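An overview of the molecular structure
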Amino acid sequence: MIDKNSQEWESVPFLIKLSMLGISTRKEALRQEYSFLILGIVALIVTFFVSKHYIGFALAFPLTAYSYAFTTRWIDNAGLWGEDEK
């Protein structure tokens, strides 16, 4: 679990903090990442059958999944997860 009141968390870049808004454990972050990845794959498949005009909307899901992956790895490398998450 991330201690968002700690001194280390204060030095984290704003976009990392924004990405982790409402998420306190690594398990939750991975759940969000996989959920957006699955939604992205489904949305891309549906886009090909419905209308190609929604391709930008469908691509937002995998990009969001990538941002969660990047953020999770950044926090892994910084060692900000609690002892029970390592």
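So, a few notes on the structure that sits alongside this text. Treat the numbers as computed from the prediction; the structure is a model and nothing was measured. (Residues numbered from 1 in each chain as written. Predicted model: local features only at pLDDT ≥ 70, side-chain atom pairs only at ≥ 80, totals over all residues. Heavy atoms only, no water.)

A short note on the packing of helix α3 (residues 26–49) against helix α4 (residues 55–78)
In contact at an axis separation of 8 Å, α3 and α4 are set at 160° when each is read in the N-to-C sense. Between α3 and α4, the angle is such that the two are roughly antiparallel. Of the two possible hands of crossing, α3 and α4 adopt the one that is left-handed. For the pair α3 and α4, the contacting residues are R26, A29, L30, Q32, E33, F36, L37, L39, G40, A43, L44 and T47 in the first and I55, A58, L59, F61, P62, T64, A65, Y68, A69, T72, R73 and D76 in the second. When the residues that make up the contact of α3 with α4 are grouped by side-chain class, the tally is 15 nonpolar, five polar and four charged. (Axes fitted to C-alpha atoms, helices over the stretch in contact; angles between N-to-C directions. Helix = DSSP H or I, 4+ residues; strand = E, 2+ residues; numbered from the N terminus. Parallel < 35°, antiparallel > 145°, perpendicular 65-115°, else oblique. Left-handed = near helix turned anticlockwise from the far one by under 90°. Contact = heavy atoms within 4.5 Å. Nonpolar A, V, L, I, M, F, W, Y, C, P; charged D, E, K, R; others polar.)

A word on the nonpolar core
Among soluble globular proteins, nonpolar side chains are generally buried collectively. If you look at the biggest cluster of nonpolar residues, it comprises eleven residues: I2, W9, V12, I16, M20, I23, A29, Y68, I75, L80 and W81. What I23 contacts, discounting residues up to four positions off in sequence, is K4, E28, A29, Q32 and Y68. (Core = buried A, V, L, I, M, F, W, Y, C linked by side-chain atoms within 4.5 Å. Buried < 20%, exposed > 50% of the residue type's maximum accessible area, 1.4 Å probe, protein only.)

Some words on α3
Here α3 is 24 residues long and its end C-alpha atoms lie 35 Å apart, about the 34 Å a rise of 1.5 Å per residue gives. All of the buried residues in α3 are A29, L30, E33, G40, A43 and T47. Taken together, the buried residues of α3 touch α4. (Expected span 1.5 Å × (residues − 1).)

A look at the pattern of salt bridges
As enumerated under the stated definition, the model contains two salt bridges in all. One salt bridge connects R26 with D76, and the closest N-O pair in it is separated by 2.9 Å. With R26 in helix α3 and D76 in helix α4, this residue pair connects regions lying 50 residues apart in the sequence. In this structure R26 comes out as partly exposed when scored by relative accessible area, which is 23%. Relative accessible area serves as the criterion here: at 26%, D76 is assigned to the partly exposed category. The partner of R73 in a salt bridge is E33, and the shortest N-O contact between them spans 3.6 Å. (Salt bridge = Lys/Arg side-chain N within 4 Å of Asp/Glu carboxyl O.)

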